[in-house]
Amino acid sequence: MNKVHLGFGFHVNLYHSYRGDTPDEAGFGGDIRVIRKIIEVLNEYNEKGIQVKGTWDIENAFSLEKILPQYAPDIIEGIKKRVKEWEDEVILMSYNNGLLSAMEDGEFEKSITWAISNERGSGLKDVFGTFSPVIRPQEVMFTPSHVKLYKKLGIEAVILYYSAVNFDAFRTFIPLLPEKYAYNPMWYDYKGEKIVIIPAINHGDLFEFGSLRELVKRLHNKQLKGEIDRDVFVFINMDADSEFWYEYKLPSLLKKLPLVNGIEGLIEEVKDLEFVVFDTPYNYLKTHSPEYVLNFYQDTADGSFDGYSSWAEKTINHLAWTRLEKARLMSDTFKTLLLNFDNDLKEEVENTLKEVLEKRVRLLSTTHFGLSAPLLNKIRENKVLEISEDILKDLKKIEAIVTSFIVDKGEIKENIVPVYVIDKGKPYISFNLTLKDGFLKDHGSLAIYDDEGGILESGVIEEERFESGYVKKLRVFVKLPETQKGASYPLKKLFIHFNADYKHEIKEVGLYVNEEKLVGEGFEIRVRNKKIREVFYNGEKFGEDDFIRSYIAYKYKGEIKEYEFNPESIDILKPFGSNLIAGYRIKGSINLPTQIEGGFYTQDIFIVKGIPALMMRFDIKYPYTPENSEIYNEIAVLQRFYDENWIEVAPSQIKPFLEGEIKVVKHNYQNDLMKYSIEDFERADKRNVELDSLNNHITNGFVGVEGNGKGVIISANRFTLSSLAFSPLRVKKKGSYKVVYLNPFGTYWGKQKFHPTYGNGNGYRLTLKTAAHIKSLAPSYNGVREKYVLGIFPYLGEIDEKMYQNIKAFSDSGYVMISDNEYACLDFEDNVNIVKTVLDKDENKTKVKKKLTTQDVPLMLLLKVLMRGLYSKVRY
């Protein structure tokens, strides 16, 4: 007789984005309380002869290494005993509860191998003496390229949510699976490499059926009828701090309902069923080979909108990720140069780079980026800033060592500064310069030479001036000279000559700009009333009058309205001297009805000779509005105030003119270029024909969309401002086709995706009303100032190698080496300035009354859930 195997998975991570680092309910006290109860209940049932088992995926760096040994060593001992005596299973999460899907290979490998064993003795093998080669990645983050990496490290299976509620991995990517596959291991195939996916559900799924008992009996009845011709494995996996495992505080009458009495209640529901086998994932896999082959190309995560919104779209995410990207780009430069070092400095640099990698791995904790909404807990945000600042300090120490070794200070002459670049075949580079006050009045007199004295094609745009009127910051684009064949040394030397004698206007540079038109590098941009009206590339139309739109959606007097950025002036940027750049500078204001301070922005739209991109630079200071709301409930204690009337932020929304089936072009940190179709979501559930927010794409530097043989890539300069998934999308239906909007460095809000279900939909609706992470992230932009640079790369057909290298040159530029001089230095300043909140300034403010998440559940929905629970209890 076919059986229903049942597993309970406890996701242990005591380091939270919602709460702080204290051993009480405002920190990790709730975790300790719940986990102790889980162990206690499991032990009691085992001693009664009930063979219930637990599966523990445990993060190492914060929980096993620090918090549990200090505050609850009994938990470690309790799990050890259960593994040894009752066949509990310990599986991997990652050493740092990390953002695995957005890691480079070195970071990824450390996160997995250190989770198994490390020199601090906190690996699963170190602590428990054993582990199963199965991973439940933190926040079920997965990117297709990782199949190969996991297999290389000996991992046989990955656990991902296949859930009917908005805390899911891949349910909305594919048509609803037959239940015999949905509750069984399956193969995931990517480029001929296979790994096992073990689907999991969470407590929201159980409310879809009314009770656990109803779910397992439903499956067994299908087995008896032959509709399911094999065993099934129901694996319930949830955070180990969830009150679902403990028990909900309810009136005694309601305590008789299913699903409210914690792990004890779940066991009681099914302990008498002879067809139920308590099991663990790897133990089940040993005797149940996968049958179904699964394919999808989206990147998975279980945040808001079932994607990367929660982890990538807050302004603190932008700040922290950009610091990480700087560390990556700088580390790569230093590692390349180390190959040519042959002295005592090499060991010192290598050791410091090793320390930097360890700190990068710690910074890459998901807790440092989400799941908390609309802001991180105050203590956690401070920790993020502390770790990321420490990394950059270490790198600047290395920079001083390396620069002293490679720089010839004799080459610094009057008005001339040498710049050292790692040449990896890039067609061009870009970087920021910060100048000394009183030095440069006119950046049009700047020229850049190669090592042999030849002038290089370059474009320079002024970003900021001192109060004295002198230039303070410049952004420089330089077309690099071709590397000679056979050259082995990767360092290339350029010379910036300030106040060079190039005062005449260059006529024939292939760039043209006036009040109505910008032309160059295949583009024709038509402008009217300080806005782009049409965009053409190589004769093909790519955009209309809404190609670029900037707005904030804000709720005022009960109505949500979109407040557009207001352009007030436009200046023409013409080629001059050796400055081969043409475009516009638009300045304006940003206003909201309740603002304490108004906002402003500068938008540069320009083309640089030799680079096939329409470039945009933004400097945005958002308005500041009163912050009077605070979150304080059984899940979240953010310790800060915010303005909940911020709904959406779209500082540079891009709407390309595309037709046909639209695909998203994405690029992860294995430099793997892949696509997924927007139609996937409608095929999975016809209600998802339109999507208010879509972010299932890691953006290592760029992301794009294409349809009917043409596409547009949006690239962000990683050294200036970056995010692991910097551009959510919006999908709207217009007649017979779909329109896609890209929102770089913004955040959308609206309806969550619909989820196909085998149940009644109660769990889905209940999750929408109670989940702490389903909130708009727009309040994090309140009063913030951000600066970023985008490159828009249209194309016809496919992305070829030449175009790929041009896009990568734009995204990966930024770090060059400049020795100490009296003229200029590299700009290392953060391009995100976050406003201190009211709570930071007034620590003595009385805490608001705790509000339970269930208080927002409509009465009719609550009655439906209760009636279904009663029905399930009576029937099953």
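This text follows the structure it describes.
Residues numbered from 1 in each chain as written. Predicted model: local features only at pLDDT ≥ 70, side-chain atom pairs only at ≥ 80, totals over all residues. Heavy atoms only, no water.

Engineer: Could you give me a rundown of the sheet that holds strand β13 (residues 447-449), with the residues and numbers involved?
Structural biologist: A sheet is described by the order of its strands in space; here three strands give the open sequence β11-β16-β13, paired in antiparallel fashion. Single-partner strands in this sheet number two, and they are β11 (416-422) and β13. Looking at each pair of strands side by side, their axes are set apart by 30° on average, direction ignored. Both β11 and strand β16 (residues 491-497) contribute to a ladder of seven bridges, which runs antiparallel. The residue of β16 that forms the bridge with Val421 is Lys492. (Pairing = 2+ DSSP bridges. Helix = DSSP H or I, 4+ residues; strand = E, 2+ residues; numbered from the N terminus. Axes fitted to C-alpha atoms, helices over the stretch in contact; angles between N-to-C directions.)

Engineer: Provide a residue-level description of the pattern of salt bridges, including the pertinent values.
Structural biologist: Think of it this way: side chains of opposite charge can pair up when their charged atoms draw near. Applying the stated rule across the entire model yields 68 salt bridges. Salt-bridge contacts for Asp21 lead to Arg380; the nearest nitrogen and oxygen are separated by 2.6 Å. Separated by 359 residues along the polypeptide, Asp21 in the loop between β1 (4-12) and α1 (29-47) and Arg380 in helix α16 (residues 378-406) bring together distant segments of the chain. A relative accessible area of 0% places Arg380 in the buried class. Two residues, Arg730 and Glu648, come together in a salt bridge whose shortest N-O distance is 2.3 Å. Of this pair, Arg730 sits in strand β36 (residues 729-734) while Glu648 sits in strand β30 (residues 646-654), and the two are 82 residues apart along the sequence. The two residues Arg730 and Glu648 agree in class, both being buried. Connected via shared salt-bridge partners are Glu104, Glu107, Glu325, Arg328, Arg360, Arg718, Lys808 and Asp812. (Salt bridge = Lys/Arg side-chain N within 4 Å of Asp/Glu carboxyl O. Buried < 20%, exposed > 50% of the residue type's maximum accessible area, 1.4 Å probe, protein only.)

Engineer: Before we move on, can you summarise unusual backbone geometry with the specific residues and values?
Structural biologist: Across the chain, the bulk of peptide bonds are trans and the bulk of non-glycine residues have phi less than zero. Between Gly370 and Leu371 the backbone carries a cis peptide bond, its omega angle lying at 5°. Looking at the element boundaries, Leu371 is found in the loop between α15 (345-363) and α16. Each neighbour pair has its own omega, and for Ala373 with Pro374 the value is 0°, a cis peptide bond. The backbone phi angle of Glu521 is positive, close to 55°, even though this residue is not glycine. Its location among the elements puts Glu521 in the loop between β18 (517-520) and β19 (523-528). One non-glycine residue with positive phi stands out, namely Asn538, at about 50°.

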